[in-house]
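Observations on the three-dimensional arrangement
Next come the chains, spelled out residue by residue.
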Amino acid sequence: MASILNTAAEAGCFKTLLAAVAAAGLSEALEGQGPFTVFAPVDDAFAALPAGTVQTLVDNPPQLARILKYHVLAGTYLKAQLVSQSDWPSLEGAPIPIRRSEPFEVKNATVVNADIVCDNGVVHVIDRVILPG
Amino acid sequence: MIPPSTHKYADVIHRLEAGGSMLPDTPENLEQIIGIYKAYAVPMDFYWRDLLYIAERVFLNPLPAFKYFIPKEYMDLANSYSGDNSKLRIWRGGEKAHPELVAFMKHGETISMPKILHHLWHDRINMEFAEACMQAMFWHQDMGGRFNDYLESKEYLANADRAIKAYFKGNPLMLLLYKLFPEMFIEQVRQLSYYSNLGLFWEVMAPVFFEMSDLYNEGGIKSVPEAMDFLVNGIFAVAGRPIYHHVYIGNECIEIIPKSKGFTWLYEAALPYVEAVFYRTSPFRGTKSYNAQANQVPADQADFHYGILYADVYPVGSAGIPPTLLMQDMLHFLPAYLEATYQNHGRGDEDKLIQLGITFQRSMYNVTSAVIQALRCALLYPLNDPDPEHLLANRRFFEAQMDRFLRPEARLSDIQQQNYR
């Protein structure tokens, strides 16, 4: 098995996410033992944000890190466990609501591919960038 | 796909669901709001510069008699969102203080004379308005974001302590007072952090409004929803801007709130600002009095409703009341087409401040619409989502937002009519 970041790199549809993780200085942490549960937005999800949104964040690593941490839970949680609870505490601090189990929806994003198990956690692929609030 | 809303403001909700604004899409509404955005942006260019000057340089000066006298360094301070060197250029214009602002500061309503005389004659930008907005944010506090919590943290107290000691180094009297009344000093620093917060917030809004005005003048914005969408895109584009508080003491920069705390323009400045200033503020002294004992002032701060979205502009329009100070500031920078509109309605020059205040109210309903649409976009679903459950979630969100305008003071019904002036 590969790590979360290697898995994402091999998939080829997380270029923006990986660049953002690197810009925020979170690569090392996500390469660590974890384990983590990562809700990974695909490139199209970042592209759907209005112009300038991602660039402003990339220019400001602490602010970018905060948004990215909202996509991560401490621990390994598969879909079956996630849907058993209405919300989960993100590493950012704000809760991530689980809005529906079928189709599997995390906040206002739909999970397009769940339960990709990695060395140091699990990845759920989502179609929108989720934001705290 | 979903049944019509039965809310009192169903028409407005359906308009929001169709991608519109709370403000009806009419050519006159568009002209009014763009004109007032431009008239607002010029004094705002002063406000943000002076707010940062006070937060960063005046700091704890016990007799800040000259805090409204912005030094050249801050008049020339490059706006992060305009000018050739800005990373994200929102306004095509220059990065220094706006030329109309510079001209007004020289001549005011009277003649060119030394700054001190303009100040004493009160022929100047009413910075007191900006401070009233800052105080509203400072006082209401619990409006989302993490800024206020941080002001109570040990880390913040240590940073503030370092800044206070550095600022009063060599001043035994003030250091003694600090030792005797530490909380008083810390509370002042907290307030100064809100000066910085609001300054950084408005640094963005001034170029946004200037650009909207330029786009409108060249035919680039043709409807109220287009104006709202420009604001929505702007909110997203700068959402991640850091909110911080740095103090410069001599050559030393002390980071009271470092950028590394991860505070953002959207969560720690914009949303608290809208809540504190557009909705809540506080009852102000004027021709209208409030009797707290008779429950005319809500017991819960969250129910405060003295912001521009609820203001009865006529009794509010008295000298010395914060919104009137802003109206008077905007009066100096009205585009010719708005001047003409006011001359053709009401009592012309006689009630121009009132007409202008109502225009401002319309324009802020449009800004609030942009915030509501941005939140819907960030937290909920696209307006054309094919899933009815998602559309119902959007509906519940819009209805909850409109519930805030059910109280009789709200002006949402009024702004639906063009003859409300």
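**Some details on the overall build of chain B**
Check the secondary structure of chain B and you find 17 helices and 2 strands. Over its C-alpha trace chain B gives a radius of gyration of 22 Å, about what one expects of a compact globule, namely 22 Å for 421 residues. Taken across its 421 residues, chain B has 48% of its residues classed as buried. A separation threshold of at least 6 residues defines the contact pool for chain B, and within that pool the share at least 24 residues apart is 76%.

**Looking at the overall build of chain A**
Along its length, chain A carries 7 helices and 7 strands. For 133 residues, the compact-globule estimate of 2.2 N^0.38 gives 14 Å, and the C-alpha radius of gyration of chain A, at 13 Å, lies within 12% of that figure. Dimensions of chain A, computed from C-alpha atoms along their principal axes, come out at roughly 40 × 30 × 25 Å. Taken over 133 residues, chain A has a buried fraction of 45%.

**Observations regarding the nonpolar core**
Of all hydrophobic cores here, the largest spans 168 residues; its most connected members are B:Leu51, B:Leu198, B:Phe201, B:Ala227, B:Ile235, B:Trp265 and B:Met330. The leading source of residues in this core is helix 2 (residues 27-58) of chain B, at 18 residues.

**Describing the interface of chain A and chain B**
Counting from both sides, the interface comprises 18 residues of chain A and, opposite them, 20 residues of chain B. Elements represented by at least two residues in the side of chain A that touches chain B include exactly helix 5 (53-59) and helix 6 (61-69) of chain A. Looking at the side of chain A that touches chain B residue by residue, the class counts come to 8 nonpolar, 8 polar and 2 charged.

**Some words on the sheet that holds strand 7 (residues 121-126) of chain A**
Residues and elements named next belong to chain A. Strand order in this open sheet of 7 strands is 2-1-7-6-5-4-3, and the pairing throughout is mixed. If you trace the sheet from one side to the other, it starts and ends with strand 2 (72-74) and strand 3 (87-89), each paired once. Neighbour to neighbour, the strand axes of the sheet diverge by 30° on average, direction disregarded. Both strand 1 (residues 36-41) and strand 7 contribute to a ladder of 6 bridges, which runs parallel. Across the sheet, the residue bridging to Phe39 is His124, located in strand 7.

**Points about the confidence of the model for chain B**
The predicted coordinates should not be examined in detail at positions where pLDDT is low. On average, residues of chain B carry a pLDDT of 94, and 98% of them reach 70 or more. Interface confidence in the predicted complex, given as ipTM, is 0.96; pTM for the same model is 0.96.

**Observations concerning unusual backbone geometry**
A:Gly34 connects to A:Pro35 through a cis peptide bond whose omega is -5°. Across the junction of A:Glu102 and A:Pro103, the peptide omega takes the value -5°, indicating a cis bond. Secondary-structure assignment places A:Pro103 in the loop between strand 4 (95-101) and strand 5 (104-106). With phi around 60°, A:Asp115 is a residue other than glycine that occupies positive phi space. For B:Thr281, which is not a glycine, the phi torsion comes out positive at approximately 40°.

**Re the pairing of strand 1 (residues 245-249) of chain B**
All names here are of chain B. Sheet topology note: the strand 1/strand 2 (residues 252-257) ladder contains 5 bridges and is antiparallel. Note that in strand 2 the partner of His246 across the bridge is Glu255. Taking the residues that link successive antiparallel strands as the turn, the strand 1-strand 2 hairpin has 2 residues, and the phi of Gly250 there is positive, at about 65°.

**Details of the packing of helix 2 (residues 15-23) of chain A against helix 6 of chain A**
All names here are of chain A. Put simply, helix 2 and helix 6 touch, their axes get as near as 9 Å, and they point 130° apart. Relative to helix 6, the element helix 2 lies oblique. Seen from above, helix 2 lies across helix 6 with left-handed handedness. Residues Ala20, Val21 and Ala23 of helix 2 form the contact with helix 6, whose participating residues are Pro61, Leu64 and Leu68. A breakdown of the residues in the contact of helix 2 with helix 6 according to their chemical character gives 6 nonpolar, no polar and no charged.

**Details of the packing of helix 2 of chain B against helix 6 (residues 127-140) of chain B**
Residues and elements named next belong to chain B. Between helix 2 and helix 6, whose axes approach to 10 Å, the crossing angle comes to 65°. The hand of the helix 2/helix 6 crossing is right-handed. Counted together, Tyr47, Asp50 and Leu51 of helix 2 and Met127, Ala130 and Met134 of helix 6 form the full contact between these two elements. For the contact of helix 2 with helix 6, a count of residues per class yields 5 nonpolar, no polar and 1 charged.

**Quick notes on the environment of B:Ala206**
Residues and elements named next belong to chain B. For Ala206, the location among the structural elements is in helix 10 (residues 182-217). Among the residues examined, Ala206 registers 29 C-beta atoms within 10 Å and is labelled buried. Residues Ala206 and Arg92, 114 residues apart in the sequence, show an inter-C-alpha distance of 12 Å. When residues no more than four places from it in sequence are discounted, the contact partners of Ala206 are Ala41, Met44, Asp45, Trp48 and Asn79.

**Details of the environment of B:Asp300**
Note on placement: B:Asp300 falls in the loop between helix 12 (265-280) and helix 13 (313-316). For B:Asp300, a count of 6 C-beta atoms within 10 Å translates into the label exposed.

**Comments concerning helix 1 (residues 4-11) of chain A**
All buried positions along helix 1 of chain A are accounted for by A:Ile4, A:Leu5, A:Thr7 and A:Ala8. Axial view of helix 1 of chain A: buried residues confined to an arc of 160°, hence all on one face.

**As for the pairing of strand 7 of chain A**
Residue and element names in this part refer to chain A. Most of strand 7 sits inside the fold, with 6 of its 6 residues counted as buried. Here strand 7 shows two buried faces, one formed by Gly121, Val123 and Val125 and the other by Val122, His124 and Ile126. With 5 bridges connecting them, strand 6 (residues 109-118) and strand 7 associate as antiparallel partners. Across the sheet, Ile116 pairs through a bridge with Val123, a residue of strand 7. Linking two consecutive strands that pair antiparallel, namely strand 6 and strand 7, is a turn of 2 residues.

**Let's talk about the environment of B:Val208**
Within the fold, B:Val208 resides in helix 10. Ignoring anything within four residues of it in the chain, the contact list for B:Val208 reads B:Ile90, B:Leu231 and B:Gly234.

Definitions and limits used
Positions within a chain are numbered from 1, following the residues in the order the chain's sequence is written. Here chains are named by letter from A upward and ligands by number from 1 upward, in the order in which they appear as written. Only residues with pLDDT of 70 or above have their local features reported here, since the model is predicted, and side-chain atom pairs are shown and tallied only from 80 upward, although totals for entire chains, interfaces and linings are computed over all residues. Working definition: helices are DSSP H or I runs of at least four residues, strands are E runs of at least two. Numbering for both runs from the N terminus. Values of the radius of gyration come from C-alpha atoms, whereas the globule rule sets the reference at 2.2 Å times the count of residues to the power 0.38. Burial in this document is a count-based property: other C-beta atoms within 10 Å of a residue's C-beta are tallied, and the residue is buried at 20 or more, exposed at 12 or fewer, or partly exposed in between, with C-beta positions derived from the backbone. Contacts are defined on C-beta atoms placed from the backbone: any two residues whose C-beta positions lie within 7 Å are in contact. For the purposes of this analysis, a nonpolar core is taken to be any set of buried Ala, Val, Leu, Ile, Met, Phe, Trp, Tyr and Cys residues that are connected through C-beta atoms within 7 Å. Amino acids are sorted into nonpolar (Ala, Val, Leu, Ile, Met, Phe, Trp, Tyr, Cys and Pro), charged (Asp, Glu, Lys and Arg) and polar (every other residue, Gly among them). Two strands qualify as a pair provided that DSSP identifies no fewer than 2 bridges between them. Axes, fitted as lines to C-alpha atoms, cover a helix only where it is in contact. Angles between the N-to-C directions of the axes lie from 0 to 180 degrees. A residue's pLDDT is the confidence the predictor assigns to it, expressed on a 0 to 100 scale. Just so you know how the angles are binned, under 35 degrees is roughly parallel, over 145 roughly antiparallel, 65 to 115 roughly perpendicular, and the rest oblique. Helix crossings fall into two classes, left-handed where the near helix is turned counterclockwise from the far one by less than a right angle and right-handed where it is turned clockwise. The directions from the helix axis to the C-beta atoms are what the arc is built from.

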